Amino acid sequence: MQKHILEIIYLIASVTFIGGLKFLGHPSTARRGNLLAAFGMTLAIFGTLFLYQTDQGTSLKNLPFIFLALGIGTLLGFVAAKKVQMTAMPEMVSLFNGMGGACAMLISLIEFQHIHEKSPLIILAGLIIGSISFSGSIVAWGKLSGKIKDFNLKFQQYISILLLLVIVYFAYDVSCLDASTLTTSFYTLLALSLLYGVLFVFPIGGADMPVVISLLNSFTGVAAACGGFLYDNKVMLVGGILVGSAGTLLTIVMCNAMNRSLLNVLIGNFGGSAAASGSTGGSGIQGNIKELTASDAAILMKYAKKVVIVPGYGLAVAQAQHVVHELEMLLESEGIEVKYAIHPVAGRMPGHMNVLLAESNVSYDKLVEMEEINPEFTTTDVVLVVGANDVVNPAAKTDPSSPIYGMPILDVESAQHVIVNKRSMKAGYAGIENELFYHAKTSMLFGDAKKALTQLVSEIKALG
Amino acid sequence: MELISQHMELIYLIILMVFVGIEIIGHVPSVLHTPLMSGANAIHGVVIIGSIIVMGESDSFLYQTIGFVAVILGTLNVVGGFVVTDRMLEMFKKKKS
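Each chain carries its own residue numbering, running from 1 in the written order of its sequence. Chain letters start at A and ligand numbers start at 1, both assigned in the order the entries are written. Totals for whole chains, interfaces and linings use all residues, but because this is a predicted model, local features are given only for residues with pLDDT of at least 70 and pairs of side-chain atoms are given and counted only at 80 or more. Calculation of side-chain values draws on the structure's entire complement of heavy atoms; hydrogens and water are dropped beforehand.

Novice: A description of the confidence of the model for chain B should follow, citing residues and the corresponding values.
Specialist: Residues and elements named next belong to chain B. Residues with a pLDDT of 70 or more make up 94% of chain B, whose mean pLDDT is 87. Taken element by element, chain B is modelled with least confidence in helix H1 (residues 2–6), mean pLDDT 77, and with most confidence in helix H4 (residues 47–56), mean pLDDT 95. The ipTM, which scores confidence in the relative placement of chains, is 0.93 for this predicted complex, and the corresponding pTM is 0.78. Known as pLDDT, the predictor's confidence for each residue is given on a scale from 0 to 100. A run of DSSP states H or I qualifies as a helix once it reaches four residues; a run of E qualifies as a strand once it reaches two. Both are numbered from the N-terminal end.

Novice: Let's hear about the pattern of salt bridges: which residues, and what values?
Specialist: Residues and elements named next belong to chain A. Salt bridge, as applied in this entry: a Lys or Arg side-chain nitrogen positioned within 4 Å of an Asp or Glu carboxyl oxygen. Taken as a whole, this structure holds 12 salt bridges over all chains when the rule is applied. One salt bridge in this structure joins Lys-118 and Glu-111, with 3.2 Å as the shortest N-O distance. Overall, the relative accessible area of 23% leaves Lys-118 in the partly exposed class. Note on exposure labels: buried denotes an accessible area under 20% of the residue type's maximum, exposed denotes more than 50%, and partly exposed covers the range between, all computed with a 1.4 Å probe on protein chains only. In this structure Glu-111 comes out as buried when scored by relative accessible area, which is 1%. Here Lys-339 and Glu-337 are joined by a salt bridge, their closest N and O atoms 3.5 Å apart. A relative accessible area of 36% means that Glu-337 is categorised as partly exposed.

Novice: Mind laying out the interface of chain A and chain B, listing which residues take part and the relevant values?
Specialist: Note on definitions: a residue-residue contact is assigned when non-hydrogen atoms from the two residues lie within 4.5 Å. Between chain A and chain B, the residue contacts involve 98 residues of the former and 78 residues of the latter. Taken over both partners, the interface formed by chain A and chain B buries close to 8,200 Å², and the fraction arising from carbon and sulfur atoms is 78%. Contact with chain B buries area across many residues of chain A, yet Arg-31, Ile-110 and Phe-229 of chain A alone supply 8% of it, more than any other trio. Where chain A packs against chain B, one counts 3 salt bridges. The salt bridge involving Lys-234 of chain A is made with Glu-9 of chain B; its shortest N-O contact spans 3.7 Å. Here a polar contact means two N or O atoms within 3.5 Å. Within protein one must be a hydrogen donor candidate and the other an acceptor candidate, and residues neighboring in sequence count only if both atoms are side-chain atoms. Counting across the interface, chain A meets chain B through 16 residue pairs in polar contact (both at pLDDT 80 or more). For any pair of parts, buried area is found by adding up, for both, the accessible area (1.4 Å probe) each one loses once the two are put together.

Novice: Can you break down the packing of helix H2 (residues 30–51) of chain A against H4 of chain B residue by residue, with the values?
Specialist: Axis definition: a line fitted to C-alpha atoms, limited for helices to the stretch in contact. Angles are taken between N-to-C directions and run from 0 to 180 degrees. Running from N to C, H2 of chain A and H4 of chain B cross one another at 15 degrees; their axes reach a closest spacing of 10 Å. For the element pair H2 of chain A / H4 of chain B, the angle class is roughly parallel. The element H2 of chain A and its partner H4 of chain B pack so that their crossing is right-handed. In this structure, H2 of chain A uses Ala-44, Ile-45, Thr-48 and Leu-49 of chain A to contact H4 of chain B, whose residues at the interface are Ile-48, Ile-49, Ile-52 and Ile-53 of chain B. Any angle from 65 to 115 degrees is called roughly perpendicular, while one under 35 is roughly parallel, one over 145 is roughly antiparallel, and all others are oblique. The handedness criterion is simple: a crossing whose near helix is rotated anticlockwise from the far helix by less than a right angle is left-handed, and one whose near helix is rotated clockwise is right-handed.

Novice: A description of the pairing of strand E4 (residues 382–386) of chain A should follow, citing residues and the corresponding values.
Specialist: Residue and element names in this part refer to chain A. By the criterion of burial, E4 is predominantly enclosed, with 5 of the 5 residues buried. Side chains Val-382, Leu-384 and Val-386 of E4 all project onto a buried face; the interleaved residues Val-383 and Val-385 project onto the opposite face, where all are buried too. Bridge count between E4 and strand E5 (residues 417–422): 5 bridges; the pairing is parallel. Across the sheet, residue Val-386 finds its bridge partner in E5, namely Asn-421. Note: two strands are recorded as paired if DSSP finds a minimum of 2 bridges between them.

Below, the structure written as structure tokens:
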């Protein structure tokens, strides 16, 4: 009886996962979707705690300790998730993903004692995928939070491939269950998988990190599904595979938004090769940079009819989302039409800018996606680029040798004036020069986004 | 071979879920990619059920300790994942203007 109730609970939980994920795909239902899935998860966890029966028909042991662990995890997870800054969201997701991967890894570690009775292949798959996801996510987290610098190992790709082959060899060795080498091989496999995860993420440039996190996310999903296979547990299988397949597709969609293939992201060494071509091709850009003061910019904007703001990662770093909203409201009160142009990969994650601007109460319908805003630039008087670079680089359209060639960009140069706010002339994440900055229509407003915009706002107010 | 035929039911489930996953993500606006990834991240925290089972079946101190850590990590994934997603989505809700 107990067993059947648990089966039904798992069924309900599975349905909430599917429904929750479906709801998450639409702005108006997204929040409900998340809560629905969370509800299903709680149900599944408590169902397991009280109703699960082992093969011998006994209930679970160690319950007080399990509750203690649940309590510690809940407390830590809740505090960490509540305290994190909105700008640090991507690395937080990566960190939590790593925890899931580690969890799958530890399960396989314990199940190693039963490797003769259960399917060794599944235990191994959980171990390998879980470890790669764990160490990879930690590296991704370190990179995004600036703790780990970009680093290019020579022949890194060959080392990775070699390592992968060695992993396959040891996996084969373990699955043969040869008693003499079993334990050593198993732990070697664990170490190699962890190392592979590190090498896998290390050379990938920071701008591509969202794609990698999404990919690792689907890895963890598959690792969770391995657990489902091991325990004949359908809710784990459904949740894991669902995330595995949805995550993989999401990864591909993200790559498409940048007009690059997944393979290109993984082996392309974006940062590295871009820097190389930047030094040869980039130096060809000639011209002068026009710098303007905040008061010049204020005058330009005050007498404009239509202003489009292009936010980028610089806005997130400077925490300037509130000031930019203040600027928007100020201009609106003067009867100026203000819109935000959101490039699909602006910031460090798709939707990063939306989340950030929504935090400062910017109305949802002011955020216009790239395809819709591009034709509007011809009727725009002033474009204000705040901390964005590669997404407005015309080289993506004109220079076939550019590493970002083919990426759809925002056509800001068709507007009357372009004001670019940047901290310095340093290149963007792709490490390439931007000829937009040398364009006759472009003026540069140097400075930290928050400071520069605050000054801009007070200058506009002063014009009264 | 044996592995496959023994678990036929599960394999059908896997194949179906692959398609459901693809179908669900198909037409999602890019604004929601981040929350979606985060929500999916929380859902694969279902791995915690495995860690609960494994800990509940452990006898030795070593395995209990590893299981204990696994449950903590799994809970972090679940709770952290759902809370972060909710915080992201909170910002999308309609604001009084």
